[in-house]
Amino acid sequence: MELRQLQYAIQIAAERNFSRAAEKLHIAQPSLSQQLAKLEKEIGVLLFQRNTSSVELTHAGEKFIEQAQKIIDAVELLRQEMSDISQLRGGKVVVGSMPITGSHLLPYVLPSFKLAFPDIEINLLEDSSMNLEKLTALGRTDLSLLSLPLVEPSLAYEVIGEELIDLAVPPQHPLALRANSSNSPVPVQLEELKDESFIVLKKGQGFRTMTFDLCQKAGFVPQVVFESSNMETIQALVAAGMGVTLVPRYIARAPRSEFVPVYLPLAEPIPFRTLVVAYRKGRYLSKAAEAFIATFKKSMEELK
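To keep things clear, this report deals only with the structure shown in the data block. All values reported here derive from a predicted model rather than from experimental measurement. (Residues numbered from 1 in each chain as written. Predicted model: local features only at pLDDT ≥ 70, side-chain atom pairs only at ≥ 80, totals over all residues. Heavy atoms only, no water.)

Quick look at the overall build of the protein chain
Now for step 1: Scanning the protein chain from N- to C-terminus turns up eleven helices and eleven strands.
Now for step 2: Against the compact-globule benchmark of 19 Å for 304 residues, the protein chain has a radius of gyration of 31 Å, which places it well outside the compact range.
Now for step 3: Projected onto its principal axes, the C-alpha coordinates of the protein chain cover approximately 105 × 35 × 30 Å.
Now for step 4: The buried share among the 304 residues of the protein chain stands at 44%.
Now for step 5: Partitioning the intrachain contacts of the protein chain with sequence separation of at least 6 by distance along the chain shows that 73% fall at a separation of at least 24.
Now for step 6: By element, 54% of the accessible surface of the protein chain is carried by carbon and sulfur atoms, the whole surface being about 16200 Å².
Now for step 7: Put simply, the protein chain has 32 plus and 35 minus side-chain charges, and the middle of one group is 4 Å from the middle of the other. (Helix = DSSP H or I, 4+ residues; strand = E, 2+ residues; numbered from the N terminus. Rg over C-alpha atoms; globule rule 2.2 N^0.38 Å. Buried < 20%, exposed > 50% of the residue type's maximum accessible area, 1.4 Å probe, protein only. Contact = heavy atoms within 4.5 Å. Areas by Shrake-Rupley, 256 points an atom, 1.4 Å probe, with all protein chains shown as cover. Lys, Arg positive; Asp, Glu negative; His and termini not counted. Charge placed at Lys NZ, Arg CZ, Asp CG, Glu CD.)

Here it is as structure tokens:
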């Protein structure tokens with residue numbers, strides 16, 4: 001059964017005449033009769049009683065036309081909705097985000113996006129970077145905010161920006177004096193931290209892996225005294241004197257009322273992480289998703 005055959009039957013029912021229906025449909029009358037005969041044969045019922053003066057619907061024909069009209073209406077509605085989405089008048093984007101990173105970046109992105117595209121719905125899914133990669137690969141999110149490197153091979157991505165990494169130390173730590181010495185604190189060499197106690201994210205977080213990699217490249221394995229799944233908790237513990245940690249700069253910039261550590265720049269080559277919007281390879285990116293990526297990139301440029 002073809003969509004055009006439904007349209008042909010509906011037109012015949014409306015005109016009650018093959019010649020007028022064929023004219024309205026812009027096809028030859030023999031072709032119209034042939035398509036109707038093919039349809040009736042396929043469904044096994046007679047839709048119209050034909051005679052020399054008129055064409056009348058059978059009981060089965062009345063039921064068929066009623067349902068066929070609903071199908072044609074639904075297809076037209078679908079076509080209109082797709083047109084609206086392509087014109088960015090509607091749509092939905094499911095965005096995955098690492099909780100802490102998202103909490104510091106999305107407030108810059110989402111208001112701008114909603115202002116530009118008020119009818120596009122954004123659904124936010126927060127999880128660890130490891131789980132987000134899996135969810136994105138399964139198609140549970142359209143896009144996910146992650147950082148390189150990605151483990152899941154089925155993901156593609158677009159880079160939205162680079163974020164420098166800073167050192168956080170307790171206010172009473174000897175290195176904290178560098179922050180007060182001048183307007184330009186003396187950068188800290190990672191090697192200077194080999195005997196420090198580290199507070200780090202729990203396993204499954206991409207930034208934990210990055211922290212260990214940076215320390216190992218500097219020639220030591222960090223001495224972990226405490227782990228947390230929340231970067232805000234980690235920074236508060238650093239401020240309380242329990243240890244030191246590395247912090248992405250956008251997170252370090254966020255205002256806090258208490259338990260604030262001292263932030264220091266790291267020496268050249270300054271470590272950074274690359275933030276990306278990832279999606280499953282081969283997945284169709286809607287116009288709404290493309291607009292979200294473009295807005296994210298613009299917001300990151302403005303944050304520099």
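Considering the nonpolar core
Now for step 1: In this structure, L167, L193 and L246 are the most contacted members of the largest nonpolar core, which totals 33 residues.
Now for step 2: Listing elements by their share of this core, those giving two or more residues are strand 6 (155-169), strand 7 (197-201), helix 8 (206-217), helix 9 (231-239), strand 9 (245-248), helix 10 (249-253) and strand 10 (262-265).
Now for step 3: For this core, the leading source of residues is helix 8, giving five residues.
Now for step 4: If we skip the residues at most four places from it in the chain, L246 touches I165, D166, L167, L190, F207, T211, L214, M231 and L266.
Now for step 5: One finds L105, F117, I120 and F296 within the second-largest nonpolar core, a separate group that totals 25 residues. (Core = buried A, V, L, I, M, F, W, Y, C linked by side-chain atoms within 4.5 Å.)

Focus: the pairing of strand 8 (residues 223-228)
Now for step 1: Strand direction decides the pairing type here: strand 7 and strand 8, joined by five bridges, are parallel. Bridge pairing in strand 8 places S197 opposite Q223.
Now for step 2: Between strand 7 and its parallel partner strand 8, the chain crosses via helix 8, and the hand of that crossover is right-handed. (Pairing = 2+ DSSP bridges. Right-handed = clockwise from strand over helix to strand, strands pointing away.)

With respect to the side chain of S129
Now for step 1: Tracing the backbone shows S129 in helix 6 (residues 129-137).
Now for step 2: The exposure class assigned to S129 is buried, which follows from its relative accessible area of 8%.
Now for step 3: Once residues lying within four places of it in the same chain are set aside, the contact partners of S129 are M98, L146, G204, Q205 and G206.

Some thoughts on helix 5 (residues 99-116)
Count 3.6 residues to each turn of an α-helix, and residues three or four apart come out pointing the same way.
Now for step 1: The terminal C-alpha atoms of helix 5, which comprises 18 residues, lie 24 Å apart, in line with the 26 Å expected from a rise of 1.5 Å per residue.
Now for step 2: Taken as a whole, helix 5 carries its principal kink of about 50° at L106; the proline P107 stands between one and four residues after it. (Expected span 1.5 Å × (residues − 1). Bend = angle between axes of the 7 residues up to and from the residue.)

Examining the packing of aromatic side chains
Now for step 1: Across all of its chains, the model carries four aromatic pairs by this definition.
Now for step 2: Ring centres 5.4 Å apart and planes at 70° place the aromatic pair F113 and F292 in the edge-to-face group. Highlighted residues: F113 in helix 5 and F292 in helix 11 (residues 287-303), separated in sequence by 179 residues.
Now for step 3: Taking relative accessible area as the criterion, F113 reaches 0% and is therefore assigned buried.
Now for step 4: Taking the centre distance of 6.3 Å and the plane angle of 40° together, the rings of F198 and F220 count as tilted. With a gap of 22 residues between them, F198 in strand 7 and F220 in the loop between helix 8 and strand 8 connect regions that are remote in the sequence.
Now for step 5: Of the residues examined, F198 reaches a relative accessible area of 0% and is grouped as buried.
Now for step 6: Here F220 falls in the buried class, since its relative accessible area comes to 8%.
Now for step 7: What links up through ring pairs into an aromatic cluster is the set F113, F117, F292 and F296. (Phe/Tyr/Trp six-rings, centres within 6.5 Å; stacked < 30°, edge-to-face > 60°.)

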